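Descriptive analysis of the structure
One letter stands for each residue in the lines below.
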Amino acid sequence: MSSSTTVRTARRRTLRVAAAALTAAAALTLTACSGSDAAGTKPGGQSDAGMAVESSGTGSSAKEQGSDAPPSPPKADAKAGTAGKQSGKPSGGAHAENGGKAASPVRTQRLADGISTAEISKLGDQRYRAKIVARGSVLATLETKGHDEGLDANDMFVTLTLDGQVHSWMGGGHQGPGTFKLAGGWTAKVTKVGELRYRAQIIGHDGVAATLETNQHDVGLDANGSYIVLSTGGVISAHE
């Protein structure tokens, strides 16, 4: 082999070794860059996510959810609650105010004895209350509950009708048992049925029109414009 051939062969071997070295170096560089990017991307993403969670105020919620704890209430609810407080309208306030029976403004009526008054208020449909007041004291209370009411107040008789009308008169009582003629052309047949318990059949031209019965309290009736009271003591009185 000549010397020139030997030199060319050595050069080729040197070029091949250099190329192989360059290839290996490039591969190492790519591997290092890939590993660095991968390592940098994952931790960086996790760190950024963790910061985002904490700054949004839900970091603790995420941790609590992981430990089976219920999440904290959303902020929208808190704002709604604040708005409710600022409005000054308590929930269910209307129902609390109207829960009881509201009475109408009281009207006052002088009674037959010239001393007592009736303070009358409406409680509902065909439901009225009348407080009998004398010298600042409430002597009795009448209240209609589907029927007229009556009272014998020391020989002053008072009725309260379903339409809220009060009628009063003095005297004219009959002591039962017995049968008595009443104002308005009525006849009352009064019988005793027990202790402080009397019954009165109100009889008209067509027979028995109504029945009153005391049960430890006086009773009253509006009989077509004739007002009748039967007391627990068996006294009956009527007035037109």
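Below is a short write-up of the structure. (Residues numbered from 1 in each chain as written. Predicted model: local features only at pLDDT ≥ 70, side-chain atom pairs only at ≥ 80, totals over all residues. Heavy atoms only, no water.)

**Regarding the overall build of the chain**
A count of helical and extended segments in the chain gives four helices and 15 strands. Going through the 240 residues of the chain one by one, you find that 26% of them count as buried. Relative to all contacts within the chain whose residues are 6 or more apart in sequence, the contacts with residues 24 or more apart total 32%. Surface exposure of the chain reaches about 15600 Å², of which carbon and sulfur atoms provide 54%. (Helix = DSSP H or I, 4+ residues; strand = E, 2+ residues; numbered from the N terminus. Buried < 20%, exposed > 50% of the residue type's maximum accessible area, 1.4 Å probe, protein only. Contact = heavy atoms within 4.5 Å. Areas by Shrake-Rupley, 256 points an atom, 1.4 Å probe, with all protein chains shown as cover.)

**Side note on the nonpolar core**
Among the nonpolar cores identified, the biggest contains 16 residues, and Leu-182, Val-190, Ile-202, Leu-212, Ile-228, Leu-230 and Ile-236 are the most heavily contacted of them. Secondary-structure elements contributing two or more residues to this core are β10 (187–194), β11 (197–204), β13 (219–223), β14 (226–230) and β15 (235–239). Not counting the four nearest positions on each side in its chain, Ile-202 is found in contact with Leu-182, Trp-186, Thr-187, Ala-188, Gly-207, Val-208, Ala-209, Ala-210, Leu-212, Leu-221, Ile-228 and Ile-236. Counting twelve residues, the second-largest nonpolar core is a separate cluster that includes Leu-111, Ala-118, Ile-132 and Val-158. (Core = buried A, V, L, I, M, F, W, Y, C linked by side-chain atoms within 4.5 Å.)

**A word on the pattern of salt bridges**
Oppositely charged side chains can pair when the atoms bearing their charge come close. For the coordinates displayed, the defined rule picks out four salt bridges. Of the charged contacts, one joins Glu-143 and Arg-129 as a salt bridge, the two residues approaching to 3.3 Å between their closest N and O atoms. On the criterion of sequence distance, the pair formed by Glu-143 in strand β4 (residues 137–143) and Arg-129 in strand β3 (residues 127–134) is long-range, its members being 14 residues apart. Assessed through its relative accessible area of 17%, Glu-143 is described here as buried. (Salt bridge = Lys/Arg side-chain N within 4 Å of Asp/Glu carboxyl O.)

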